[in-house]
Structure formats: C-alpha cells, structure tokens
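Observations on the three-dimensional arrangement
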Amino acid sequence: MTGDIDRLGKARPRRHTVKSGCRTCKSRKVKCDEGRPACYRCVSSGRNCDGYGIWGGGGNVHGPQQRSQGLQDNPRDHSIHLPVSIIPSGAEERLGFEWFKCRTATKLPGSFISGFWTTLVFQASFSEPAILHAILALSSIHRNSSTNVENGVEKRNNIPLDENEHFALRSYVKAISYLQPHFSTTNRASLRVALITCVVFIYLELLRGHFQTAQIHFHSGLRILEEMEFLSRETDGILRLNPCRQSADDWILEAFSRLHLQIELFKHSFQHPYIALQLAEPRTPYLSFHSINEVWQGIERLLNKVFHLTHQRRRKLELLQDSRELIDQQECVRVELARWLAIFEGFRKGREGHASTDEKKCYQLLSTYHTMTSIMADTCLWPSDELAYDLHTNKFVLLIDQLATLWRTTSMSTSFRSPPTHIMDMPKSIIDMGWVPPLFYAAVRCRVHRVRTQAARLLECTSHREGIWDSRIALCIARKVIEVEERDFYETFDTNDDFPLTGTPSLSELLLPELPGAYRIQELEVILSGSPMDKILLFGKQKQNGTNIKKLISQYDAYSQRWTDELWE
C-alpha cells in the first residue's frame, strides 16, 4: 500500500522520513539537495541553512558559511565546547557521559592536547549515536578505577562481570549496531563517523589490554583514510597525511598519526611490514614553537624519519644494495634533531616562571624523547649490529638521568606510591605516549648493567598503560631480556643493584666489561598474543651456518605467570 487508511477509509499519503540533508531541511521534513556550504533549497527560499552537523556547511543568502557550534578553526582552542542539546537517555548513560566529559576526555590524552578529544567527539556524539555509545563504552572502561591484573592481564578466573562492565559491553554492541548503516555508503560524512568510532574503539581495546584487536581496528582505519584520499603514496614509499580543509579531518589524522607512532616504537627492534606514515612537512622550516603540541609534532616527524631510514637500510641489506646515500639522510636527521633541541630550549626558557607542574613534567618527557630519538638516529643504519649501542653509553646515561628526574618530579608533585603488583592503576593510564617507551628502550638496548637495571627499577615504580605500552608488560619483558642476555656473565663481578633509584651511575659502574656480542639478542621481537593478552612471545635471531635464523626465546603464560624458555645459546 502507498499510504495509511484514515477513519473515513480514504488513503492518506505516507510521510517519508528525511534521513539526510541539512538540519533545516530535516526539521522541515523536505528533501535537501545537500549543496555546500548551504543547500539551494534553503537559500532560494530565504531560509537560514543550519548545515550538516559536525561536517560543516550552513549559512544563507545574506551571510557566510557557518561552522557547527563548538568546532573552532583555531587548533589552539582546547576548551570543551559542549552543545547543550546532548542528552544521553537514562541515568547510567548520563553518568557515563559526565565521566567522559570531566575525566576521560581530559585525562586520557596525556600531554598531547588534541581537538579530537576536546571538541570533535563531543560534537560528533551530538548527532551520531554510534560515536555516543562508543565514548560511553570507553568511559565505562576508564571508570573502573583499578582492575585486578598481573603483568597487564586481567585476572578474571570466571568472576561474573560487574554492572559497569555490562554497561560497557552493551554500549559497545550499540555502537557497532549504529555504525552498520555507515558501511553501506561511501559518502565522506559516513566515513568520518566510521573513523571517529574506530579511534575510540582502538583506545578502548588498548585500555582493556586487547592489543591485537586494537591493531586490527587501526589497520581498518588506515584503509578508510586511503579511501578518503587523506593519504598519498609518495615515490619514496611514504604514506603522507595530507593537510585538510576542515579541522575535524585534521584532528582525525592527528589521532591516527599518534597511534602509528606508538605501534612503530613497539616494533622498532625487529624487521616487520612497515607503514611509513608521516605528517605533512610545514611549508617553511619552523623558527619557534608556540605550543607543546608543535613541540611533539617536531619529535614525531623526526621519529618517523628514523623509522623510515631503518626500514630502508634493512631492505638494502636484504637486497645487497649500496646504502651510502642513506648516510646523507642520517646526517640531515641529526642536524634537525640539534635544531629541534635549540628551538625547544628557547621555548622552555620563555615559559620559565609561569609553567605549571604538569608543563614542567611534559618538558622533561619531551627531553627524554629527544635523547632516545638521537640514539635511534645514530644507530639506524646498523639495525642488526647490537654492538653499535655501546658507542652511545653517554647518551644512555643522559637518558636514564632524565627519566630519574621525571620520576622525582612526579613523585614530589603527587601523593606518589607504587601500587601493588596485581593492581592496574587505571586513573593514571593514558592513551598517548609517556615514559614507558624510553624506559623500555634503555632496558633492552643499553647493555651497561647499571643503566638497564635502573631503567627496570623505574618501570617497577608504575603500574599503568600508555596506549599500546603497558608498564607491567614492559617490565616483565625487560627483566626477561636482561636475564637471557646477561646469564652468568657478571657473576664474578660486584654488581650492587641496591643503588639510589634517582642516582647517576658512577664511573666504576660504567667500566664493567661489555657484554659479548654472542650473548645479545638480535632483532628482538615481542608478540602480545590473545585478546585479552594471555601470552607474551619473545623471538630473536641467531646465526646458524652463517645465516640469521629467527627463533623463539621464551614464552610467558599470563595465567600461570611463568616463563617457559626455549633452547637459546
């Protein structure tokens, strides 16, 4: 039938629901031509076109394009602009949204303040239920202030899910359900909804310890970015993030770029299928930094260049190709690192006297990333030579001093106490990078016993997650690597490990004999297996008949909390 039957028996035309178009046309329940920036239907009738929600547009014949409320063009405006019409239904949803607004969105991003969290997800949740329920699920996971874990793994033992977890699961399922219609169309608005939801899902899975699932979501997001032509593949094989005309798109790309950086840092020690994802270079070289975000972006570009150089060197070694042109590229990265440091020191000096404690901690963290990146740049052309790190002991000592200073600042500014081994300190967990990656790098890459032991002890002081980096898992792996590599080599030496945690290594501690090359693990590969993670697999390469063979070194069972070693000579 083409219509309903009224009480007089006459056919009444069915009123079709308007599902797309500008807000004005949707409220009038008329078909919209979806013109940009304002639709012709509104303009031709003298009405104001209210645009397309967070996707921009709007205006009228008398005025310029209107941006949706809260989406500002100024990327340095980090305040949360919340449309008053957001009304999640039910007390549970309202509590979850309030927690997300006041706690999750302000705490989880760490020191890198992004419009993705301060503006975009709020604006998107106003009109997109898939995004609303995704952030409610994330909020619920974050709300579990402490979770029973051992080495980063939840210890359930068939304990029933609590109400908070049930709510998270229901919200997750609803988000997926609301997302389905967006996959049946290829318009950019639907793809943006999918990307925003994807980012929220990734961080939700990381907080849950479902690292493999998070990486699956990440690669799905990259495919959508390519479909939207946000990525361009250059002749050098690098996928570049193209600048966008809308702030919403820039914030989405920014979120994926930070995720990519975390994952590549985790995989840097071994050869793997590499995705060279880089931020677009500024049109003119920066002469000064105006925000902490700009400082982070400078380090991010440099780290990506180091990743790319390392990958190129591995490929050329594999194909027996000449690598001399890479030396010039390496030198350019070193020059850029020195330039970054000089500009950063000027930025920090300009903030002296009115920087908050959190800002000071951020400056110290950025200094550790500069030092770590410098070591990586110096060694990137010798990815399989573990002895190359011995030439940079002075930088490792600087790195551990910087990390010890950061710990001292943190412990003085908060009621700091090391949580019990089995408790994950979720309130201190973040979704961006913190101090865990530099500590892990020092523990597994520096072979000076005193330095790597201090890195492991500092890791022991915290129990939180930083995106894909879990401090308990990092400590567990670092301890095992040190045990496997050092074996009984230092048994006859006085290695007093009961030194002050923030003390600087003494000259005598640095003069212990170097660990022989044959003892060292080459191409250390870590696999976090299962969702949630139930096993840690450690692989390395050993020479057999003149060929480097990948071998399993040891595997850790999360539930028995034991390592099972394989034959490793």
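Everything here concerns the structure above.
Residues numbered from 1 in each chain as written. Predicted model: local features only at pLDDT ≥ 70, side-chain atom pairs only at ≥ 80, totals over all residues. Heavy atoms only, no water.

1. A look at the overall build of the protein
Scanning the protein for helices and strands turns up 17 helices and 14 strands. In the protein, once contacts between residues fewer than 6 apart in sequence are set aside, the share between residues at least 24 apart is 69%. For the protein, the accessible area works out to roughly 26600 Å², and carbon and sulfur atoms hold 52% of it. (Helix = DSSP H or I, 4+ residues; strand = E, 2+ residues; numbered from the N terminus. Contact = heavy atoms within 4.5 Å. Areas by Shrake-Rupley, 256 points an atom, 1.4 Å probe, with all protein chains shown as cover.)

2. Side note on the nonpolar core
Formed by 137 residues in total, the largest nonpolar core has its most connected members in Phe116, Trp117 and Phe256. A per-element tally of this core places helix H7 (residues 188–208) first, with 14 residues. Here Phe256 is in contact with Leu195, Cys198, Val199, Ile202, Phe218, Gly221, Leu222, Leu225 and Leu277, once residues within four sequence places are set aside. Counting seven residues, the second largest nonpolar core, distinct from the first, contains Cys22, Cys25, Cys32 and Cys42. (Core = buried A, V, L, I, M, F, W, Y, C linked by side-chain atoms within 4.5 Å. Buried < 20%, exposed > 50% of the residue type's maximum accessible area, 1.4 Å probe, protein only.)

3. With respect to the environment of Ala443
Counting through the fold element by element, Ala443 comes out in helix H14 (residues 436–445). Given a relative accessible area of 0%, Ala443 falls into the buried group. The sequence separation of Ala443 and Ala474 amounts to 31 residues, and the corresponding C-alpha distance is 9.5 Å. Setting aside chain neighbours within four positions, we find Ala443 in contact with Arg452, Ala455, Ala478 and Ile482.

4. Focus on the packing of aromatic side chains
Applying the stated criterion across every chain, the model contains 19 aromatic pairs. Residues Phe347 and Tyr363 carry aromatic rings whose centres are separated by 6.0 Å and whose planes lie at 85° to one another, so their mutual orientation is edge-to-face. Of the two residues, Phe347 sits in helix H11 (residues 324–350) while Tyr363 sits in helix H12 (residues 357–379), which places them 16 residues apart along the sequence. Neither Phe347 nor Tyr363 differs from the other in exposure class; each is buried. One aromatic cluster is present, formed by Phe97, Phe100, Phe116, Trp117, Phe122 and Tyr203 through successive ring pairs. (Phe/Tyr/Trp six-rings, centres within 6.5 Å; stacked < 30°, edge-to-face > 60°.)

5. Here we look at helix H15 (residues 449–459)
Most of H15 sits out of view: 11 of its 11 residues are buried. Where H15 is concerned, the buried positions are His449, Arg450, Val451, Arg452, Thr453, Gln454, Ala455, Ala456, Arg457, Leu458 and Leu459.

6. Points about the pairing of strand E14 (residues 562–565)
Across four bridges, the pairing between strand E13 (residues 547–557) and E14 is antiparallel. Residue pairing in the sheet places Tyr556 in a bridge with Trp563 of E14. Here E13 hands over to E14 after four residues, with Gln561 in that stretch at a positive phi of 60°. (Pairing = 2+ DSSP bridges.)

7. Quick look at the pairing of E13
Two strands pair when backbone bridges link them, and strand E12 (residues 535–544) and E13 are joined in this way by 10 bridges, in the antiparallel orientation. By the bridge assignment for E13, Lys535 is matched with Asp557. Connecting the antiparallel pair E12 and E13 is a turn made up of two residues, with Asn545 showing a positive phi of about 55°.

8. Side note on the packing of helix H3 (residues 91–107) against helix H4 (residues 115–127)
Packing of H3 against H4 leaves a shortest axis separation of 11 Å and a crossing angle of 165°. Comparing the axis directions of H3 and H4 gives the class roughly antiparallel. The chirality of how H3 crosses H4 is right-handed. Residues Phe97, Phe100, Lys101 and Ala105 of H3 touch H4, and the partners they reach there are Trp117, Val121, Phe122 and Ser125. (Axes fitted to C-alpha atoms, helices over the stretch in contact; angles between N-to-C directions. Parallel < 35°, antiparallel > 145°, perpendicular 65-115°, else oblique. Left-handed = near helix turned anticlockwise from the far one by under 90°.)

9. Here's the deal with the packing of helix H8 (residues 211–227) against helix H9 (residues 247–267)
Where H8 contacts H9, the two axes come as close as 11 Å, and the packing angle between them is 135°. Looking at the two axes, H8 sits oblique to H9. Of the two possible hands of crossing, H8 and H9 adopt the one that is left-handed. Taken together, the residues of H9 that come into contact with H8 (itself represented by Gln215, Phe218, Gly221, Leu222 and Leu225) are Leu253, Phe256, Leu259, His260, Ile263 and Lys267. Partitioning the contact of H8 with H9 into residue classes produces seven nonpolar, three polar and one charged. (Nonpolar A, V, L, I, M, F, W, Y, C, P; charged D, E, K, R; others polar.)

10. Some words on unusual backbone geometry
In this model, Ser531 is joined to Pro532 through a cis peptide bond whose omega is 5°. Relative to the helices and strands, Pro532 resides in the loop between strand E11 (522–529) and E12. Residues other than glycine seldom take positive phi values, yet Glu523 does so here, at roughly 50°. Among the secondary structure elements, Glu523 is positioned in strand E11.

11. Quick word on the environment of Thr393
Within the element layout of this structure, Thr393 appears in helix H13 (residues 393–413). On the accessibility criterion, Thr393 (22% relative accessible area) is partly exposed. Residues Thr393 and Val448 lie 55 residues apart in sequence; the distance between their C-alpha atoms is 7.6 Å. Beyond its immediate sequence surroundings of up to four residues, Thr393 is in contact with Val448 and Leu510.

12. Side note on the sheet that holds E11
Here four strands make up an open sheet; going across it, the order is E11-E12-E13-E14 and the pairing antiparallel. The two strands at the open ends of the sheet, each matched to only one other strand, are E11 and E14. For this sheet the average axis-to-axis angle between neighbouring strands, irrespective of direction, equals 25°. Across the sheet, helix H16 (residues 471–486) is in contact with E11, E12, E13 and E14; its angle to E12 comes to roughly 30°.

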